[in-house]
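So the chains spell out like this:
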Amino acid sequence: MEKEIYRDCQRNHACCLGGYAIDGCTQFIPFNNSKTHCKACGCHRNYHRKVLCKDLEQSPNGKSFRSLREAKRMARQQQNCGGVNMKQRKSKFGMGQREAMREFGEGLGWSMRNKDRPEEINRFCERIGVSRIIFKTWLNNNKKCYFKGTSSANISS
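Within each chain, residue numbers correspond to sequence positions counted from 1 in written order. In keeping with the model being predicted, local features are shown solely for residues with a pLDDT of at least 70 and side-chain atom pairs are shown and tallied solely at 80 or more, while totals for entire chains, interfaces and linings include all residues. Values reported for side chains reflect all heavy atoms of the structure, with hydrogen atoms and water molecules removed beforehand.

Participant: Tell me what's going on with the overall build of the protein, and back it up with residues and numbers.
Facilitator: For helices the rule is a DSSP run of H or I covering at least 4 residues; for strands it is a run of E covering at least 2, with both sets numbered from the N terminus onward. Helix and strand content of the protein: five helices and two strands. Only protein chains enter the accessibility calculation, which uses a 1.4 Å probe; a residue is then buried when its area is under 20% of its type maximum, exposed when over 50%, and partly exposed in between. Taking all 157 residues of the protein together, the buried fraction comes to 23%. Long-range contacts, defined here as pairs at least 24 residues apart, represent 40% of the contacts in the protein between residues at least 6 apart. Using a 1.4 Å probe, accessible areas were evaluated by the Shrake-Rupley method; residue-level cover was limited to the displayed protein chains. As presented, the protein carries roughly 12200 Å² of accessible surface, and 50% of it is formed by carbon and sulfur atoms. Contact definition: two residues touch when any of their heavy atoms are within 4.5 Å.

Participant: Please set out the packing of aromatic side chains residue by residue, giving values where relevant.
Facilitator: In this description, an aromatic ring pair is defined by two values, namely the gap between the centres and the angle between the planes. Side-chain rings of Phe, Tyr and Trp, where Trp is taken by its six-membered ring, are said to pair if the distance between their centres is within 6.5 Å; with planes under 30 degrees apart they count as stacked, over 60 as edge-to-face, and otherwise as tilted. For the structure on display, the rule yields four aromatic pairs. Measuring from ring centre to ring centre gives 5.4 Å for Phe124 and Phe135, while their planes differ by 65°; the resulting arrangement is edge-to-face. Note that Phe124 is positioned in helix H4 (residues 118-128) and Phe135 in helix H5 (residues 132-156), a separation of eleven residues in sequence. There is no split in this pair, since Phe124 and Phe135 are both buried. An aromatic cluster of three or more residues is present, and its members are Phe104, Phe124 and Phe135.

Participant: Explain the pattern of salt bridges to me, and be specific about the residues and the numbers.
Facilitator: The term salt bridge refers to a pairing of a side-chain nitrogen on Lys or Arg with a carboxyl oxygen on Asp or Glu at a separation within 4 Å. One pass over the full model with this rule turns up four salt bridges. Between Arg102 and Glu106 there is a salt bridge, and its shortest N-O distance comes to 2.8 Å. Here Arg102 and its partner Glu106 are both found in helix H3 (residues 95-108), four residues apart, which amounts to about one turn of the helix. With a relative accessible area of 18%, Arg102 lands in the buried category. Between Glu120 and Arg117 there is a salt bridge, with its nearest N and O atoms 2.9 Å apart. Relative accessible area serves as the criterion here: at 30%, Glu120 is assigned to the partly exposed category. Among the charged side chains, a network of salt bridges with common partners joins Glu99, Arg102 and Glu106.

Here you go:
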C-alpha cells in the first residue's frame, strides 16, 4: 500500500509581485485539527512536493532509506545496472572539425533551412565524421558567436 508523504513547500510567495520566492519550509507538518494545512508555513498541502512512501520504504538490500537523496541515488544505480544511461555524452570536436564546420556554416549562412543543399550537407558531415544532427546542434549553438563578427563586417562595408 502506498502512503503519501509531503515534503518541501514549493509555493511562490512573490508571484503577485512578479518575482519568485519560496519560504524554505522543508517538510509538511499538519495542524492538529486539520490535515490539509501546514503548521510551519500555513500553506495547503497541495503546495508541498508529494512523495510516495512505497518508493522510500526499503532499498533492494533491505535497509530503509534515510532521505530522498539516498532514494534517488539508489534509483540511478538501478537504472545504470539495467543498461540505461541517463546522461548524454558531450560531443568533442578536433580543431580541424571545428574550423571546417565554421567555414561550412558561413557558406550556409548559419542556417540548415536551405532545401537546395541537403546532399551537400550530408557529404560534408560524412567527410568530417560528424552526424547531421550533431552538426545542426553545433551550428545552432555557435552561430551567435561566429555570426556576430560576420554581420558587423557586412554592416561596416
